[in-house]
Every structure is written in C-alpha cells, then in structure tokens.
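Fold and geometry: a report
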Amino acid sequence: MTPLRNLPSVDKLVQAVQRATDTDSLPRALVVQAARTELDATRAQLQAANGAATAAPPLEALVQQVQQRLEALTAPSLRPVINATGVIIQTNLGRAPLSAAARAAMQAVSLGYSNLEYDLAAGTRGSRTVHLSGIVQQLTGAEAALAVNNNAAAVYLVLLALAVGREVIVSRGQAVEIGGGFRIPDVLRQSGALLVEVGTTNRTYPRDYEQAINANTALLLRVHTSNFRLVGFVHETSLEAMAAVGRKHGIPVLDDLGSGSLLPTTPYGLAPEPLVQESIAAGADLVTFSGDKLLGGPQAGIIAGRADLIERLKKHPLARALRVDKTTIAGLEATLQAYLRGQALTEIPVWQMIGMPLAPLHQRATALAAQWQAAGIVAQVTTCASAVGGGSLPGETLPSVGVTVDPGAGHANRLAQALRMGAPAVVARIADDNLLFDVRTVLPEQDAALAQRVADVWQMIGKPAP
Ligand SMILES: *Cc1c(COP(=O)(O)O)cnc(C)c1O
C-alpha cells in the first residue's frame, strides 16, 4: 500500500495550517497555494523513494513545512547586513551606507509630494535636473551637471548623445573591464560608437591621440583604470595633454572617473584617487562618476562638465529612461551638502570608515572579544587590513583591528553560513579556518547586534568537539 494515499487533501492541510497559525491576515489563496506546493513536493519525494518510504509524513510535519513556506514568502528578500568584511565599498553588499542627513532627506520626499518637477516660485512646471546641478557646479567647478541611474548609464548616455556612428579614441591601456558587465569596448559597441584604440597597453602619448583624429572623431575618452594598476615602463597621457589635443581639434574629452572623489585619499596613507574637481580644472569637457562609491551617497551616475554638452544629454530620448527618482535626488543632494558644509569626513559613513583611527577600533574589538569570551567563545583581538573597495584603490589597504573567532577545525564555514542566514545577517571573512570580524566596516550602532548574533549562533551550533 502506497504512502501516497495517506497524504491529506489540500483542504485538510489548509485547515490544519489555519488552526495552527494566525494566518487570518494572509489571503486564503496564498495558504492554499503553499499547501498545494508542499503536497506536490512531498508526493514527488515519495515517488522518487520508489517504495522505500513506507509512510507519508505526519500532518504536523506538513503543517510546519507550509508555515515555513509562508514565512519565506512574506519575508523581505532584500534585507540589512552587518558588513564585517572590512571592505568599505562592497558592491555585493550595497556599496555606500547613507548618512543620517541623506536618509532623512530621502524619507522627507517619500512621505508625500515634492517639488520634483515644479517651480515653487513661479507655480509652473519645473525640471528635476535643477536640484543637483547647482551644488555639483559649486563643488566641482563644472558649468552644469546631470544625474542618471548609475555611472554605467552616465557613460552610455554620453556616448549615445555625442558619438553614435562616430569614432571614440581610447588608449589601449584603458580599454578595460571594470567589473560585472562593464567593458569599455562592449559599452562602445552597444552604444553604436566606434572604438579607436591608440598607443600600446603600457604607453600612450598625446601624438597617438592626435594622429588618430579625423573628420569622424566624436570624443577622446579617458577611463580611470579603477581596479588594477600598471607598474614599470608605463606612460599615460595626462588629462591636461588630452584636453589640449581636444581643444586644438574641437573635440570634447570625456573622463570616466568611476569612483571619482571630492576629497583626497592620501591623508589616510592611500594612493591618490582622481578628484572630480581636478579633472574639471585639467580641462575635461565632461566627467562621469558614481554616486555610491567614494562620494558615499545613493546609487547614481553624475555627469558634470560643459553646459552645452549637458544640454544635449538632457535632450536625448534616453535621458528619460535613465533619469533618477526623487529619493535618489534627495539623498544625493543631502550627501553633496555635507561636502559643501565641510562635514563630509564626520557625516558620511564611507569617509568616517576611511578616517577611523585605530584606537576606537581597538576599543570596540576589545569589547566584542570580551563579550564573546564571557560566553565561552574562543575569540581574540587581532590586527587586520581593510580595503576601500568599489573597484577603487586596488591593492591598497588601511590597517585595522578585528576579532577572530575560532570554532574549531572545519567549522568556520558552518558558523559563517549560520551568521549569514539569521537576522540581522552578518557577513564576515574566513581566514585560516577562523572567522575574522573587521570592526572598521561595522557601524558602531551595530556592535550590540553583532555581539548577540555571534553568541546565539555559537550556542546553536554548540561548542564543536576539539
Ligand atoms: C565603477 C565604474 C563604472 C561603473 O559605475 P556604476 O556606478 O557601477 O555603474 C564605470 N567606470 C569606471 C571607471 C568605474 O570604476
């Protein structure tokens, strides 16, 4: 006799689930669907067992499974993570955490209506581009600016508006892949612009650009090689020299900065990352940079430069498809205002983390280690190295302090997974069979939650046998 026949009907299972749970708030159809899916899965399992299974699971077990399905369905997929990896701008973890001012501004405009495209003084239709253009002008020296969905979109829009069917000259050393789906040659091809590579992988001179210019040249493109570094017999043409060539021939220069920064990274012992205002001063006609890398704001791409070129970008039909929404504009504006007020280092989390001295990190690591040791956890304060990340400053690290937790040989992955799966999720590094928690990227207000999660998970997994 097959155990399949012992399975309850969908109706019976739904009733049992409803008795066992407070599912009143859920539509009945959702509960029915979860019950049906669970019964189908169980039936498939029993059939696959091919007679080896002698009994169907008891009703209580099926009810529990359906409850889990319903919980998974109604829980958010996107949720907060405590970043203990020490990588400050982690693309997989959402890049820049936002400042309090940015969060407040985003909430303020999302609670109700706003003057997104409304001129309050005149009482007439306005433009969403006015909100950022003035402040970017002020901070970078550019004549005008436009924000779009991200920096990839920024580069794409410039190519579409200025270079379709025409040639774009790029140094061979800068025809690079920036990461997941952003390869300069592919982006150019997709946009309909024609890539003209000049120079060699390691050396490109102003005359290389100049010799390639013809009547069909639309742009000179410089790409910041964000995520790798060439050393040795290397010569890059300076932006000043490119701009001089461009001016002489009436051809605009686009500088794709990637991260771009408004503040120098050198005071922290890091290599220089190009500054947006320096690119403008060096003569770039347009620069593009991300909102959520070193700028420390929400995801966006900012295009700054000559007013006549920005006007052409705004009029391109794709500008509408790439435009940013009100919350992004509000978050960007508040982030940029922190720079204007001279408060970026103290207010913007990315810069707080970069500038965090070792003493407070050591203090927090010591407190975490003490709490864990008191809970019987094998924990130790350690020095470690943080990275800026976000495809910027390759190979550069900041000295940091963390805590290692030793769950016993072969248990690090299990502990790490349990930490990732709970709430709030914790992502740590695994090194030498230990977990390493770099305190630099943990927001100070998350210390208590981190301490609790590790203690709970250690308890749950049980102290592993030595
Ligand atoms: C990161 C980066 C991009 C892509 O920027 P997103 O904001 O991720 O779209 C493009 N170019 C360079 C040089 C970059 O570093």
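Model, not experiment: these values are computed from the prediction.

**Comments concerning the overall build of the protein chain**
Along the protein chain, the regular secondary structure elements total 18 helices and 18 strands. Reported as C-alpha extents along the three principal axes, the dimensions of the protein chain are approximately 90 × 50 × 50 Å. Per-residue burial over the protein chain gives 47% buried out of 466 residues. For the protein chain, contacts bridging at least 24 residues in sequence account for 75% of all contacts bridging at least 6.

**Focus on the pairing of strand E14 (residues 379-389)**
With two bridges connecting them, strand E2 (residues 87-89) and E14 associate as parallel partners. Bridge pairing links Ile89 to Gly389 in E14. Of the strand pairs in this sheet, E14 and strand E15 (residues 398-405) are connected by eight bridges, and their pairing is antiparallel. Within the sheet, the bridge partner assigned to Gln380 lies in E15 and is Thr404.

**A closer look at the domain arrangement of the protein chain**
Partitioning the protein chain into structural domains gives domain 1 (3-74), domain 2 (81-90 + 351-461) and domain 3 (98-347). The C-alpha centroid of domain 3 is placed 53 Å from the C-alpha centroid of domain 1.

**Considerations on the sheet that holds strand E10 (residues 217-223)**
Across the sheet, which stays open at both edges, the seven strands sit in the order E5-E13-E12-E11-E10-E6-E9 with mixed pairing between neighbours. Looking at strand neighbours, the two that pair on one side only are strand E5 (144-148) and strand E9 (194-198), the edges of this open sheet. The mean inter-strand angle of the sheet, taken between neighbouring strand axes irrespective of direction, is 25°. Two strands pair when backbone bridges link them, and strand E12 (residues 286-290) and strand E13 (residues 301-305) are joined in this way by five bridges, in the antiparallel orientation.

**Considerations on the nonpolar core**
Among the nonpolar cores identified, the biggest contains 52 residues, and Leu220, Val287, Leu295, Leu336, Tyr339, Ile354 and Val388 are the most heavily contacted of them. The two domains that each donate at least three residues to this core are domain 2 (81-90 + 351-461) and domain 3 (98-347). Sequence-distant contacts of Leu220, that is, excluding residues within four places in its chain, are made with Ile169, Tyr209, Ile213, Met242, Val245, Gly246, Ile251, Pro252, Val253 and Leu254. Counting residues in each nonpolar core, the second largest holds 32 residues, with Ala153, Leu157, Val158 and Leu221 among its members.

Quick notes on the rules
- Residues numbered from 1 in each chain as written.
- Predicted model: local features only at pLDDT ≥ 70, side-chain atom pairs only at ≥ 80, totals over all residues.
- Heavy atoms only, no water.
- Helix = DSSP H or I, 4+ residues; strand = E, 2+ residues; numbered from the N terminus.
- Buried < 20%, exposed > 50% of the residue type's maximum accessible area, 1.4 Å probe, protein only.
- Contact = heavy atoms within 4.5 Å.
- Pairing = 2+ DSSP bridges.
- Domains from an automatic or database assignment.
- Axes fitted to C-alpha atoms, helices over the stretch in contact; angles between N-to-C directions.
- Core = buried A, V, L, I, M, F, W, Y, C linked by side-chain atoms within 4.5 Å.

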